[in-house]
Amino acid sequence: MNAHDTLLYLDGVSVSFDGFRAINNLSLVLQAGEMRAIIGPNGAGKTTMMDIITGKTRPDAGDVYFNGEVDLTKHDEAEIALLGIGRKFQKPTVFESHTVEDNLVLALSGPRSAFSTLFHRQSRDEIDRIHEILYTIRLYDKRVWLAANLSHGQKQWLEIGMLLAQDPKLLLVDEPVAGMTDAETAETAKLLRDIAKTRSVLVVEHDMHFVRELGVKVTCLHEGSVLAEGSLDFVSNDQRVIEVYLGR
Amino acid sequence: MQFIRLLSALVLMLGIFHHTVEAHAQTVDEATLRPLVQALAGDNFDDTTKAISDLVRTGDTRVSALLNALGAGDLYVSKADKSVFLGKREGTDYVATDPVTGAKLAPVPRSAAEKIKVNNRLRREIAAAIGGLTLMSENAGERRSAAEAILKTRDPESIPLLDQAIAAEKDPGIKALMSQAKAAAILNSDVPDAEKIAAITEVSAGNGRDALGLLTPLEGAEGPVGEAARSAISSINSELAVWNAVQNIVYGLSLGSVLLLAAIGLAITFGVMGVINMAHGEMVMIGAYTTFVVQQVIRATAPGIFDYSLLIALPAAFLVSGGVGVLIERSVIRFLYGRPLETLLATWGISLVLQQAIRSWFGASNVQVGNPSWMAGSFELGLLTLTWSRLWIIVFALSVFAILQLVLKKTMLGLRMRAVTQNRRMASSMGIRTPWVDALTFGLGSGIAGIAGVALSQIDNVSPNLGQGYIIDSFMVVVFGGVGNLWGTLVGAMSLGIANKFLEPFAGAVLGKILVLVLIILFIQKRPRGLFALKGRAIEA
Amino acid sequence: MTQWFFLHVDRRGSIVIALLVAIAVLVPLSNLLLPVTSPLHVPTYLVSLIGKYLTYAMLAVALDLVWGFCGILSLGHGAFFALGGYAMGMYLMRQIGPRGVYADPVLPDFMVFLNWKELPWFWYGFDSFWFAALMVVLVPGVLAFGFGWLAFRSRVTGVYLSIITQALTYALLLAFFRNDMGFGGNNGLTDFKDILGFNIQAGSTRSVLFAATALFLALAVFVTSFIVRSKLGKVLVGVRDAESRMRFLGYRVDRYKLLVWTISAMMAGIAGALYVPQVGIINPSEFEPANSIEAVIWVAVGGRGTIIGPIIGAVLVNFGKTYFTAAFPEIWLFALGALFIVVTLFLPKGILGLYGMWKGKRADRAARKKDVAPPPVAAVSGRSPIPEPQAAE
């Protein structure tokens, strides 16, 4: 397989912490415009995989390419974010002492140098864009609230809103529906499907209903490598996957 | 010079002693001895010199007393009959004694006698001669000091005597010393080069620093002798360099042990619990003051057991500092878990309060903590002189480290401690009373600081500021070694101690310390989590 | 102009700036013009004392910029303060000229005493006020830049950073104690005669120094407001609350930190330079780690993450220190220690936080009376509240 013409390309990636192999010879390919769901039991290496893609963790071995040409192992988090990879964390991480609106202002794509932010004046376009996102994530009414005062689900949505503001080519979304009601979960699935029309998305999720609602190709990770890949029905009928989930 | 005078006095005393017991050295008859004694009063110093060597050659036991008297200016020559006598001033007369028989003579008026003059060269001759004489003595100490005296004077005249003495000598230590002395004398003489080169080999086998003193004058010499001397000097220098390195390592280990003692409690509170305890130094200080109080009580009640005062102070300091630690944890720190920066500030406040409390109680100046007798004194190791306190502190620090490892690895408390630090919620749901474990862990760290205080009271001034001097160094050790790893603390403390001692000779003590601080600052940039860092996701905050 | 000003400074900041400008004018006037008998006369010693407090306040503002707004707890800001002070002290030493005890036209007394024959190279240029003034910002700035470049790039954060900043000032303390360094060793620099040709002891000079201090503090407040209210300020607070999140948004966190860290160090340097002529001495004890930690408590007492909190804290704590060390010297350390503990345990947001809570409660009561839902605490006031403590992961 060749990295060319892919959006995200992982080949033979391994990383270990103090002898523990968190990722073991993992290979994964994502085409441009594709949405993929990643499932797997605890400790399967899902979050570590995201750490590697976003530059937080350096792999011990293997290739990680973005857009078929950029070697992600040579860049740090900020550079990778500017290349167009956005990430939502498992635990919602918003800036609690900023207002909802300021959270989006910070995420909004634009110049990131220290001096340009010192003298930055908000343009009309930027304000419009932020209001648009506020409507999308249904937090327009709460735009002057401190993010700390939002509910868990609202924080999740705010974080997705921040991803949108970043305008990335690839979104890495870690457990977006944890702690959401069924209705919220359905809304989120719809939102992600909308997003996936224009961008590539990698979703990590435990909630099988949600994964089913996304209706996309599924990759099951176990002990740091790919166990099975295919439609959700195919994967969930795989004998090894069942063993891993039910224990042996 | 003073040394020689002292030596003469010593040898004089021994010589008199010798005379009375008639040691079995050869004795010549009076007729042989008398003219030689008379010759001491020769017309010039050369005559006297010759007379001295003649006297020495007799090997008579009375000679050393005579020569001593000559050196001390107690030999006189009568103006009338030119006879030599031992005189002692009394009023206007000299109380006279026969130098050969020791018989009492009639007092001689001071105006009728003249002192036999000696100059510095003669004094040296005399000292060397006496040295040569006592080489044959029965007393081992006397023989040793005689050989040492020759080693100092390097008189070529004594070579034949040394040969005799070496042949007769049984004690290998003294024999070696004599050979050294002979070699030194040879180097100072006009013997052929081959013998000198052999002597150089002989000299360089002995004490490095002395040999260096003997060989340095030959460094500039031409021919094979100079060459041999230069190569011997360079090999001695490299040997000395090795010993210097050994000394640096030993001193470094002892400094490292001090750092280890100060830091190891911190390694628990900071490394294991994640609590920045700026009052840690004050726990050490409290331990030192506990030692002081224990000693005061012992002095007042049972002065006989003073040598055991430190053994009593150890558990006392552990309990006092540990108790204060538990109190601090329960009253302040437990409200600040997970807020390291706030903990840092609050414990700094506690440290101020503790310092001032001790200052109000015991006064601001140093208190005197005594050293038990087994801490005093020193011993030799090769070319090094080490104090016992230096050795004890290394032994003590390592024992504390070992015991702490045991406590953490093998006891129930240690198991619970590790459980709580790894997963607080899980530990709590398994029925471990986490608040209780927190308090005990903190108490353990503080108690060990108290024990460190007992040790530090032996080598440092005990004042309310004692702890302040150690807190930054201790943090450096823990951060350098890697947080959460006691082995890291051990390696960190020892390497910082040794680095300090190796930098000191080049940079001076203060600059060396600054350099070490700067190096650590640079090191932390490279490895932000220390030498022995834990890796992995769980560590990322 | 006014519009531009109010765009960058909130109401509270404007009040503080106005107040500072007012006392910069009024205090010297009262000291110089009013008769000694007048109840409104400010005696010269008091002018210098308040002037000293204001330099501390400036140090506190500088510290708050990095700690309160960016989460970098520096335990070594006293070092930048002292370096600025030494730069000014070197200028004042050179001004003494032949009036020293040894009457050497060039060498300061301590160098003559050490038997030095010529001026060390790093003392060149300090006979010029403007060169010295440049060094006041440049030396702390360059040190902070170098240190910060190394530390932030390799992501030394939290207590690790605090500890190495403490080691930094400790190393400088040891270094400046050495006579060989050429900064007067133990005794430091003192016995100053005049500044820019004016007698440093004269009441008028002291009044001018006071006015300069108040104006520079006003400037510091303005600069801090400007930074904090810009988008840069929002980034800084973001870094404080969730540093790695900022990185995943594409911000080069290290560069932001480096920028404010360096600005803050320069501010501290200016504060130190204003401090030295007013107290008349600078010595290595200014590098004591304890001093830097004390500055942290000023900020904490006033309220970190606010602009005027540090000023209130610095003035209050130092007023207390002056009073206690004179009246009950035994108690001062107890009081200071207790202050550290009480503030961290009970007043994490400082005095301003207390005021905010009181106002919040009143608003709450008023709202309940009117039976409307309380508005969520918004950042209307421009302040950035401290986030609730979170358990470390």
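What counts, and where the lines are drawn
- Residues numbered from 1 in each chain as written.
- Chains lettered and ligands numbered in written order.
- Predicted model: local features only at pLDDT ≥ 70, side-chain atom pairs only at ≥ 80, totals over all residues.
- Helix = DSSP H or I, 4+ residues; strand = E, 2+ residues; numbered from the N terminus.
- Rg over C-alpha atoms; globule rule 2.2 N^0.38 Å.
- Buried ≥ 20, exposed ≤ 12 C-beta atoms within 10 Å, placed from the backbone.
- Contact = placed C-beta atoms within 7 Å.
- Nonpolar A, V, L, I, M, F, W, Y, C, P; charged D, E, K, R; others polar.
- Domains from an automatic or database assignment.
- Pairing = 2+ DSSP bridges.
- UniProt positions renumbered as here; feature names shortened; annotations may be inferred.
- Axes fitted to C-alpha atoms, helices over the stretch in contact; angles between N-to-C directions.
- Parallel < 35°, antiparallel > 145°, perpendicular 65-115°, else oblique.
- Left-handed = near helix turned anticlockwise from the far one by under 90°.
- Core = buried A, V, L, I, M, F, W, Y, C linked by C-beta atoms within 7 Å.

Chemist: Looking at this model, I keep getting lost on the overall build of chain C. Mind explaining?
Modeler: For chain C, the count of helices and strands is 15 helices and 4 strands. Its C-alpha atoms give chain C a radius of gyration of 22 Å, within 12% of the compact-globule value 21 Å for 393 residues. Going through the 393 residues of chain C one by one, you find that 51% of them count as buried. When contacts within chain C are restricted to residue pairs at least 6 apart in sequence, those whose partners lie at least 24 apart make up 77%.

Chemist: Explain the overall build of chain B here, please?
Modeler: Assigned secondary structure in chain B consists of 21 helices and 7 strands. Rg of the C-alpha trace for chain B: 35 Å, well past the compact-globule value of 24 Å for 541 residues, more than 25% over. With respect to the three principal axes, the spread of C-alpha positions in chain B is 110 × 60 × 35 Å. Scored against the burial criterion, the 541 residues of chain B give a buried share of 44%. Taking the contacts inside chain B whose residues are at least 6 apart along the sequence as the reference set, 69% of them involve residues at least 24 apart.

Chemist: What should I look at first to understand helix α9 (residues 231–241) of chain C in this one?
Modeler: Three- or four-residue spacings in an α-helix give side chains the same orientation, since the helix completes a turn every 3.6 residues. The buried fraction of α9(C) is high, at 11 of 11 residues. K231(C), L232(C), G233(C), K234(C), V235(C), L236(C), V237(C), G238(C), V239(C), R240(C) and D241(C) are the residues of α9(C) that are buried. In this structure, the buried residues of α9(C) make contact with α3 (100–107) and α4 (114–118) of chain A together with α8 (203–229), α10 (243–248) and α11 (253–279) of chain C.

Chemist: Before we go on, may I ask you to explain the interface of chain B and chain C in this structure?
Modeler: It is common to give the size of an interface as the accessible area that goes away when the parts come together. Contacts between the two partners involve 37 residues from chain B and, on the opposite side, 41 residues from chain C. Those elements giving two or more residues to the side of chain B that touches chain C turn out to be α14 (340–362), α19 (468–481) and α21 (509–526) of chain B. Per-element accounting of the side of chain B that touches chain C gives the leading share, 14 residues, to α14(B). When grouped by side-chain class, the residues that make up the side of chain B that touches chain C number 26 nonpolar, 7 polar and 4 charged.

Chemist: Please explain the domain arrangement of chain B as it appears in this structure.
Modeler: Domain assignment breaks chain B into domain 1 (2–73 + 118–213), domain 2 (75–115) and domain 3 (248–469). When each unit is reduced to the centre of its C-alpha atoms, the spacing between domain 2 of chain B and domain 3 of chain B is 74 Å.

Chemist: Would you mind going over the sheet that holds strand β5 (residues 70–71) of chain A with me for this structure?
Modeler: Pairing between the strands of a sheet comes from backbone hydrogen bonds, and it takes one of two forms, parallel or antiparallel. Residues and elements named next belong to chain A. Pairing is antiparallel in the open sheet, where 4 strands are placed in the order β2-β1-β4-β5. The open sheet is flanked by β2 (20–30) and β5, the only strands paired with a single partner. One ladder, built from 2 bridges, connects strand β4 (residues 61–66) with β5; its direction is antiparallel. Pairing of F66 across the sheet is with V70, part of β5.

Chemist: I tried to follow the interface of chain C and chain A on my own but got confused; where do I start?
Modeler: Chain C puts 27 residues into the contact, and the matching count from chain A is 27 residues. Looking at the side of chain C that touches chain A, the elements with two or more residues in it are α9, α10 and α11 of chain C. Here the element with the most residues in the side of chain C that touches chain A is α9(C); it accounts for 7 residues. Grouping the constituent residues of the side of chain C that touches chain A by class yields 16 nonpolar, 4 polar and 7 charged.

Chemist: What am I meant to see in the UniProt feature "transmembrane region" (unreviewed entry) in chain B here?
Modeler: Residue and element names in this part refer to chain B. According to UniProt, the feature "transmembrane region" (unreviewed entry) maps to residues 249–276, 308–328, 391–408, 435–455, 475–499 and 506–524 in the numbering used here. Split by type, residues 391–408 is 100% helix and 0% strand. Its first and last C-alpha atoms lie 26 Å apart. In residues 506–524, helix accounts for 95% and strand for 0%; the two terminal C-alpha atoms are 24 Å from one another.

Chemist: Looking at this structure, I do not really get the sheet that holds strand β2 (residues 84–90) of chain B. What am I missing?
Modeler: Residue and element names in this part refer to chain B. The strand order β4-β3-β2-β1-β5 describes an open sheet built from 5 strands, whose pairing is antiparallel. Among the strands making up the open sheet, the edge pair consists of β4 (108–109) and β5 (113–115). The pairing of strand β1 (residues 75–78) with β5 spans 3 bridges and is classified as antiparallel. Its bridge partner lying in β5, S78 is registered against A113.

Chemist: Would you mind showing me how to read the environment of Q95(C) here?
Modeler: Residue and element names in this part refer to chain C. Among the structural elements, Q95 can be located in helix α4 (residues 77–96). A count of 19 C-beta atoms within 10 Å places Q95 in the partly exposed class. For the pair Q95 and A132, spaced 37 residues apart in the sequence, the C-alpha separation amounts to 12 Å. Those residues in contact with Q95 that lie beyond four places of it in its chain are K193, D194 and I195.

Chemist: Help me understand the packing of helix α16 (residues 412–422) of chain B against helix α18 (residues 434–456) of chain B, please; the structure alone is not making it clear to me.
Modeler: All names here are of chain B. With their axes 10 Å apart at the nearest point, α16 and α18 run at an angle of 110 degrees to one another. In terms of axis orientation, α16 runs roughly perpendicular to α18. Handedness of the crossing formed by α16 with α18: left-handed. Contact with α16, carried on its side by L413, R416, M417 and V420, involves T434, V437, D438, L440 and T441 of α18 and no other residues of that element. Residues that form the contact of α16 with α18 fall into these classes: 5 nonpolar, 2 polar and 2 charged.

Chemist: How do you make sense of the pairing of strand β3 (residues 35–39) of chain A when you look at a structure like this?
Modeler: On a regular strand, one side chain projects to one face of the sheet and the next to the other, so that they alternate. All names here are of chain A. Counting buried positions over the 5 residues of β3 gives 5, a clear majority of the element. On β3, burial covers both faces: M35, A37 and I39 on one face and R36 and I38 on the other are all buried. Taken together, the 4 bridges between β3 and strand β8 (residues 200–204) define a ladder with parallel strand orientation. Among the inter-strand pairings, I38 is bridged to a residue of β8, identified as V204.

Chemist: I'm lost on unusual backbone geometry in this one. Help?
Modeler: Peptide bonds are trans in most cases, and residues, glycine excluded, mostly fall at negative phi. Residues and elements named next belong to chain A. In the Ramachandran plot, E223 falls in the positive-phi region, its phi being about 45 degrees despite a non-glycine side chain. In this fold, E223 is placed in the loop between β9 (217–222) and β10 (225–230). By the C-beta count within 10 Å, which is 15 here, E223 ends up partly exposed.

Chemist: What exactly am I supposed to notice about the nonpolar core here?
Modeler: Generally speaking, nonpolar side chains in soluble globular proteins are found buried as a group. Counting residues in each nonpolar core, the largest one holds 285 residues, and the members touching the most others are M58(C), A60(C), A167(C) and I297(C). The dominant element in this core, judged by the number of residues it contributes, is α11(C), at 17 residues. L40(B), A128(B), A181(B) and A199(B) belong to the second-largest nonpolar core, a separate cluster that totals 59 residues.

Chemist: Can you help me understand the packing of helix α11 (residues 223–272) of chain B against helix α12 (residues 280–301) of chain B in this one?
Modeler: Packed helices, taken two at a time, are described by the angle between their axes plus the distance between the axes. Residue and element names in this part refer to chain B. At their nearest, the axes of α11 and α12 sit 10 Å apart, and the two run at 130 degrees to each other. Between α11 and α12, the interaxial angle falls into the category oblique. At the point where α11 passes α12, the crossing takes the right-handed sense. Here A262, G265, L266 and T269 of α11 come into contact with α12, specifically with H280, M283 and V284. In the contact of α11 with α12, the residues fall into 4 nonpolar, 3 polar and no charged.

Chemist: Looking at this structure, I do not really get the environment of F119(A). What am I missing?
Modeler: One can find F119(A) in the loop between α4 and α5 (124–136). Taking the C-beta count within 10 Å as the criterion, F119(A) has 10 such neighbours and is therefore assigned exposed.

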